[in-house]
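# Chain and residue survey
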Amino acid sequence: MKFFIYRGEGSTGQLQKVAEVTDTTTYTATNLKAKTTYRFAVSAHNGLRESEKSNIVTVATSGISAVSVTLTINSTSLEVGGIAKATVTINPANQTDGTVTYTSSNAQVATIDQNGNITAKKTGTTDIKATIGGVESSLVRITVYEALVNVSGLRGSNVTANSVTLNWS
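Residues numbered from 1 in each chain as written. Predicted model: local features only at pLDDT ≥ 70, side-chain atom pairs only at ≥ 80, totals over all residues. Heavy atoms only, no water.

Let us look at the sheet that holds strand 7 (residues 83-91). Sheets are built from strands that pair by backbone hydrogen bonding, the pairs being arranged parallel or antiparallel. Pairing within the open sheet is antiparallel, and its four strands lie in the order 5-7-10-9. Unpaired on one side and paired on the other, strand 5 (68-73) and strand 9 (110-112) mark the two borders of the sheet. Pairwise comparison of adjacent strand axes, ignoring direction, gives a mean angle of 25 degrees for this sheet. Bridge analysis of strand 9 against strand 10 (residues 117-120) gives three bridges, and the strand direction is antiparallel. Its bridge partner lying in strand 10, Ile 112 is registered against Ile 118. (Pairing = 2+ DSSP bridges. Helix = DSSP H or I, 4+ residues; strand = E, 2+ residues; numbered from the N terminus. Axes fitted to C-alpha atoms, helices over the stretch in contact; angles between N-to-C directions.)

Going through the model one piece at a time under the given rule, you end up with five salt bridges. For Lys 33, the salt bridge goes to Glu 9, with nearest N and O atoms at 3.1 Å. Note that Lys 33 is positioned in the loop between strand 2 (16-22) and strand 3 (37-45) and Glu 9 in strand 1 (residues 2-9), a separation of 24 residues in sequence. Classification of Glu 9 by relative accessible area gives partly exposed; the value is 43%. Measuring nitrogen to oxygen at the nearest pair gives 3.0 Å for the salt bridge that ties Lys 129 to Glu 136. (Salt bridge = Lys/Arg side-chain N within 4 Å of Asp/Glu carboxyl O. Buried < 20%, exposed > 50% of the residue type's maximum accessible area, 1.4 Å probe, protein only.)

By secondary structure assignment, the location of Ser 43 is in strand 3. Looking at Ser 43, its side chain comes within polar contact range of the side chain of Glu 50, at 2.5 Å. Every residue in contact with Ser 43, bar those within four places of it in the chain, is listed here: Lys 2, Phe 3, Phe 4, Tyr 6, Glu 50, Ser 51, Glu 52 and Lys 53. (Polar contact = N/O pair within 3.5 Å; in protein donor to acceptor, adjacent residues only side chain to side chain. Contact = heavy atoms within 4.5 Å.)

In terms of nonpolar packing, the biggest core is built from 22 residues, with Leu 71, Ile 73, Ala 86, Tyr 102, Ile 118, Ile 128 and Ile 142 touching the most fellow members. For this core, the elements supplying multiple residues, two or more each, are strand 5, strand 7, strand 9, strand 10, strand 11 (124-132) and strand 13 (140-145). Look past the residues within four positions of Tyr 102 in its chain and what remains in contact with it is Leu 71, Ala 86, Thr 87, Val 88, Ile 112, Asp 113, Gln 114, Asn 115, Gly 116, Lys 129 and Ala 130. (Core = buried A, V, L, I, M, F, W, Y, C linked by side-chain atoms within 4.5 Å.)

For the rest of this paragraph, the subject is the packing of aromatic side chains. Under the counting rule described, the total for this entry stands at one aromatic pair. Ring centres of Tyr 38 and Phe 40 lie 6.4 Å apart, and the angle between their planes is 35 degrees; this geometry places the pair in the tilted category. Residue classification places Tyr 38 among the buried residues on the basis of a relative accessible area of 2%. Its end group placed over the ring of Phe 4, Lys 17 keeps NZ or CZ at 3.7 Å from the ring centre. Above the plane of the ring of Tyr 6 lies Lys 53, whose end atom (NZ or CZ) is 4.4 Å from the centre. (Phe/Tyr/Trp six-rings, centres within 6.5 Å; stacked < 30°, edge-to-face > 60°. Lys NZ or Arg CZ within 6 Å of the ring centre and 35° of its normal.)

Overall, antiparallel pairing links the four strands, which are arranged 2-1-3-4 in an open sheet. Edge positions in the sheet fall to strand 2 and strand 4 (57-60), since each has one partner strand and no second. Sheet twist, expressed as the average angle between the axes of neighbouring strands with direction ignored, equals 30 degrees. The pairing of strand 3 with strand 4 spans four bridges and is antiparallel. Among the inter-strand pairings, Tyr 38 is bridged to a residue of strand 4, identified as Val 59.

As a further point, take a nonpolar patch on the surface. On the surface, Val 151, Leu 154, Val 159, Val 164, Leu 166 and Trp 168 cluster together into a nonpolar patch covering about 650 Å² of accessible area. Among the secondary structure elements, Trp 168 is positioned in the segment after strand 15 (165-167). Note on Trp 168: relative accessible area 52%, which makes it exposed. (Patch = residues over 30% accessible without salt bridge, like charges linked within 9 Å, V, L, I, M, F, W, Y side chains within 5 Å. Areas by Shrake-Rupley, 256 points an atom, 1.4 Å probe, with all protein chains shown as cover.)

Next comes the structure, spelled out in structure tokens:
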């Protein structure tokens, strides 16, 4: 006896014949999408005619969890007002846990938005991390220094035999 396997994606819509098996009452559906709802039905075929489809079974495939998150930041030393960019590599790349969340351990020193843009706010250090599906990256330390100023108007005064006072703006 042959059996026809029917499948539909989602909770509504028509079922399409996707496979047939002979002389067995087991079938394993493969190449399904993660975190997706599928509906299945089976009919029998004796070579002459096909039976009515069986009851419909609805299943939801599981997600693909992130295993590791690697955080890379293009500059870990910034001046106040400076910017840097964080990027992540998620393993496996086809994970279905969602999107990355970035955090800064000291938002007074540097902030990071959900696009990975880091902005240096004041001198100090902060640790940045990325999280997805409960999996955290290693911490990356950012050090923020004072913004560099240009020295101008250098003057010398109070010159003696062994000293001079320097002033600038």
